[in-house]
Amino acid sequence: MYPMDPREVKVFVKLGEECAEIQQELAKTLLHGPYSYNPLEPMRGTNRQRLEKELGDLMYWLDEAVKAGLVDEHMIRHWEFDKRQRIASGAREKAPPQGGGV
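Residues numbered from 1 in each chain as written. Predicted model: local features only at pLDDT ≥ 70, side-chain atom pairs only at ≥ 80, totals over all residues. Heavy atoms only, no water.

1. Some remarks on helix 3 (residues 73–89)
Because an α-helix packs 3.6 residues into every turn, residues spaced three or four apart end up facing the same way.
Moving on, step 1. Here helix 3 is 17 residues long and its end C-alpha atoms lie 24 Å apart, about the 24 Å a rise of 1.5 Å per residue gives.
Moving on, step 2. With a side-chain oxygen positioned 2.7 Å from the backbone nitrogen of H74, the residue opening helix 3 is D72.
Moving on, step 3. Of the residues trailing helix 3, G90 is marked for its positive phi of about 75°. (Helix = DSSP H or I, 4+ residues; strand = E, 2+ residues; numbered from the N terminus. Expected span 1.5 Å × (residues − 1). Polar contact = N/O pair within 3.5 Å; in protein donor to acceptor, adjacent residues only side chain to side chain.)

2. Description of the side chain of D82
Moving on, step 1. With respect to the helices, strands and loops of the structure, D82 is situated in helix 3.
Moving on, step 2. At 2.5 Å, the side chain of D82 forms a polar contact with the side chain of R86.

3. As for the environment of L70
Moving on, step 1. Relative to the assigned elements, L70 resides in the loop between helix 2 (47–67) and helix 3.
Moving on, step 2. The spatial distance from the C-alpha of L70 to the C-alpha of F12 is 8.7 Å, given a sequence separation of 58 residues.
Moving on, step 3. With residues near it in sequence (within four places) discarded, L70 still touches E8, V11, F12 and A65. (Contact = heavy atoms within 4.5 Å.)

4. Regarding helix 2
Moving on, step 1. Helix length check: helix 2 (21 residues) gives 30 Å between terminal C-alpha atoms against 30 Å at 1.5 Å per residue, within 8%.
Moving on, step 2. Taken together, the buried positions of helix 2 are occupied by N47, R50, L51, E54, W61, E64 and A65. The buried side chains of helix 2 occupy one side of the element, clustering within an arc of 140° when seen end-on. Exposed and facing more than 90 degrees away from the buried side of helix 2 are M59 and K67.
Moving on, step 3. On its buried side, helix 2 packs onto helix 1 (6–32).
Moving on, step 4. Where helix 2 ends, the next residue or the one after it, G69, has phi of about 75°, a positive value. (Buried < 20%, exposed > 50% of the residue type's maximum accessible area, 1.4 Å probe, protein only. Arc of directions from axis to C-beta.)

Structure, rendered in structure tokens:
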């Protein structure tokens, strides 16, 4: 098993937490609509605003993961481009290349 220092662990945990929070906001948006809000907490904003906040938080931790060398930004961009190509062509998902990455 690869030993991780506490900072690496924190970044991975935070990435997971943010993904879970995005999932929650997506569910609320799908159930109630993007412009709905919790009447008990109106200052927290609409579902859309809360989703945007959580996406920003995820982007922060993704950037931290890149800076820490935990993920390779070039590979992320590669897979982003690949995804765009697959969606544009209607192709199915494919497995990552063997032996590449960090």
